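# Observations on the model geometry
As a plain string of letters, each chain reads:
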Amino acid sequence: MLYWLTAFSEGGDVFNLFRYITFRAGGAFLTALLFGFIFGPPLINVLRRRQGKGQPIREDGPEGHFVKAGTPTMGGLLIVGSLLTSTLLWARLDNPFVWLVLFVTMTFAAIGFADDYAKVRKQDSSGVPGKVRLLLGFAISAIAASWATMYHPEALQHQLAVPVFKNVLIDMGLLFIPFSIIVIVGAANAVNLTDGLDGLAIMPVMIAAGTLGVIAYAVGRVDFTEYLDVHYVPGTGEILIFSAALFGGGLGFLWYNAPPAAVFMGDTGSLALGGALGAIAVATKHEIVLAIVGGLFVAEALSVIVQVLYFKRTGKRVFLMAPIHHHYEKKGWAEPQIVIRFWIISLILAMIGLATLKVR
């Protein structure tokens, strides 16, 4: 919205600053951060009063989690509210990719909100049936995938870009839409599975979003794409503003989610943020890089899949408990120890993901 102030610019004045994506990204970050600090305490108080017993704790979960009973959920409203406000304020609203990512984020947030509400109201961890959540996620992702394809350059439409090797494109044809659906829905549910310890999910999400934001900025500049040997996708640079807003909003939320958490993000936050990461990857043609940058989320999801399949086949468990962060809890690792080590892993994976940009 503030980009429109450039209409008053005659060059070299303060209004000219709003032409620059990097300046507006900084503004989005600070706005989202302040939003979190200002509205965090009143939101938490409202959630605590309205929810009473807070998020229900799984009876079969780690014993240490029972002390968290009464902690309110739906804290993802703080993140979603801050990044929505900041993005609308600082991004160019004539950019289709900005609206694409916002569409996925807000609709997945709505699914998560309904799930959290059902859990709190019934005081049951089942929430909205999984099949309903998946069906809605597939429908949203199908719209988003078709939307992204419509605005991709013709040479990249329905193509899967391979990291490092710019000249390698895999023509997926009509399969690109189902593939993109899996990317977005998979990312949303993988982040959801990771959100099991105080502060565990939000920092890796911020790291992944920051990395994908840098990639989006590079992919959206023709001069950068020539130097970095990546494909040029006009307009994706504005996604950096969304990523900066997510980073700022995430920091604001982490202030209250740091152990011991005053609020949980809930499915409202985890589904929204995971969906956002998937949407950014599809928009920028970096779906494979998302699997690297978000490798922690992939590991969490795979641990659940392996556990379920192996148990159904043999009646035995591979892990003491899935997702894998609960396995380490059962082994006796302290919660902060698991969280910080997983953060370190996320940083390492982000560096590997960024390394795919430069091959010369």
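First, a word on scope: everything that follows refers to the structure included in this document. Note that the structure is a prediction, hence the values are computed from the model and not measured. (Residues numbered from 1 in each chain as written. Predicted model: local features only at pLDDT ≥ 70, side-chain atom pairs only at ≥ 80, totals over all residues. Heavy atoms only, no water.)

## So, the overall build of the protein chain
- A tally of helices and strands in the protein chain yields 13 helices and two strands.
- What you see for the protein chain is a C-alpha radius of gyration of 20 Å, in line with the 21 Å of a compact globule of 360 residues.
- Evaluated residue by residue, the protein chain yields a buried proportion of 53% over its 360 residues.
- Across the protein chain, every contact between residues at least 6 apart in sequence was considered, and the portion connecting residues at least 24 apart equals 73%.
- Carbon and sulfur atoms provide 68% of the accessible area of the protein chain, an area that totals close to 16,000 Å².
- Positive and negative side-chain charges of the protein chain, numbering 26 and 22 respectively, have mean locations separated by a distance of 7 Å. (Helix = DSSP H or I, 4+ residues; strand = E, 2+ residues; numbered from the N terminus. Rg over C-alpha atoms; globule rule 2.2 N^0.38 Å. Buried < 20%, exposed > 50% of the residue type's maximum accessible area, 1.4 Å probe, protein only. Contact = heavy atoms within 4.5 Å. Areas by Shrake-Rupley, 256 points an atom, 1.4 Å probe, with all protein chains shown as cover. Lys, Arg positive; Asp, Glu negative; His and termini not counted. Charge placed at Lys NZ, Arg CZ, Asp CG, Glu CD.)

## So, a nonpolar patch on the surface
- Taken together, the side chains of Leu34, Phe37, Ile38, Phe39 and Trp255 define a hydrophobic patch exposed on the protein surface, amounting to about 570 Å² of accessible area.
- Following the sequence through the fold, Phe39 ends up in helix H1 (residues 21-51).
- A relative accessible area of 42% places Phe39 in the partly exposed class. (Patch = residues over 30% accessible without salt bridge, like charges linked within 9 Å, V, L, I, M, F, W, Y side chains within 5 Å. Salt bridge = Lys/Arg side-chain N within 4 Å of Asp/Glu carboxyl O.)

## A word on the packing of aromatic side chains
- Under the criterion given, the structure shown has 12 aromatic pairs.
- When the centroid spacing of 6.2 Å and the interplanar angle of 75° are considered together, the rings of Phe23 and Trp90 count as edge-to-face. A residue pair is termed long-range when its members are at least 10 positions apart, and Phe23 in helix H1 and Trp90 in helix H2 (residues 76-90) qualify at 67 residues.
- With a centroid separation of 5.5 Å and an interplanar angle of 75°, the aromatic rings of Phe37 and Trp255 are classed as edge-to-face. Here Phe37 is found in helix H1, whereas its partner Trp255 is found in helix H8 (residues 239-257), with 218 residues between them in sequence.
- On the basis of relative accessible area, Phe37 is assigned to the partly exposed category, the value being 35%. (Phe/Tyr/Trp six-rings, centres within 6.5 Å; stacked < 30°, edge-to-face > 60°.)

## Here we look at the side chain of Thr236
- Topologically, Thr236 is positioned in the loop between helix H7 (222-228) and H8.
- A distance of 3.2 Å separates a polar atom in the side chain of Thr236 from the backbone nitrogen of Gly220.
- Here Val233 takes part through its backbone oxygen, which lies 3.0 Å from a polar atom of the side chain of Thr236.
- The contact partners of Thr236, leaving out residues within four places of it in the chain, are Phe97, Ala216, Val219, Gly220, Ala283 and Thr284. (Polar contact = N/O pair within 3.5 Å; in protein donor to acceptor, adjacent residues only side chain to side chain.)

## Structural notes on unusual backbone geometry
- Each neighbour pair has its own omega, and for Pro259 with Pro260 the value is -10°, a cis peptide bond.
- Inspection of the secondary structure assignment puts Pro260 in the loop between H8 and helix H9 (266-284).
- Omega for the peptide link from Ala322 to Pro323 comes to 0°, which places this bond in the cis form.
- Phi angles above zero are rare outside glycine, and Met74 is one such case at about 70°.
- Mapped onto the secondary structure, Met74 falls in the loop between H1 and H2.
- If you check the backbone angles, Lys285 has positive phi at about 65° while not being a glycine.
- Secondary-structure assignment places Lys285 in the loop between H9 and helix H10 (287-293).

## What to know about the pattern of salt bridges
- One pass over the structure, following the stated rule, counts seven salt bridges.
- Put simply, Arg24 and Glu238 hold a salt bridge, and the shortest N to O gap is 2.8 Å. Residue Arg24 is located in helix H1, and its partner Glu238 is located in the loop between H7 and H8; the two are separated by 214 residues in the primary sequence. Grouping residues by exposure puts Arg24 and Glu238 together as buried.
- Across the pair Lys119 and Asp115 runs a salt bridge whose closest N-O atoms are separated by 3.2 Å. Residue Lys119 and its partner Asp115 are located together in helix H3 (residues 96-122), separated by four residues, close to a single helical turn. Each member of the pair, Lys119 together with Asp115, is buried.
- Among the ionic contacts, a cluster of salt bridges with common partners joins Asp115, Lys119, Arg133 and Asp267.

## Some words on the packing of H3 against H9
- Across the interface, H3 lies against H9 with an axial gap of 7 Å and an inter-helix angle of 155°. By the angle class used here, H3 and H9 are roughly antiparallel. The handedness of the crossing between H3 and H9 comes out as right-handed.
- Here the residues of the contact of H3 with H9 sort into 14 nonpolar, five polar and four charged. (Axes fitted to C-alpha atoms, helices over the stretch in contact; angles between N-to-C directions. Parallel < 35°, antiparallel > 145°, perpendicular 65-115°, else oblique. Left-handed = near helix turned anticlockwise from the far one by under 90°. Nonpolar A, V, L, I, M, F, W, Y, C, P; charged D, E, K, R; others polar.)

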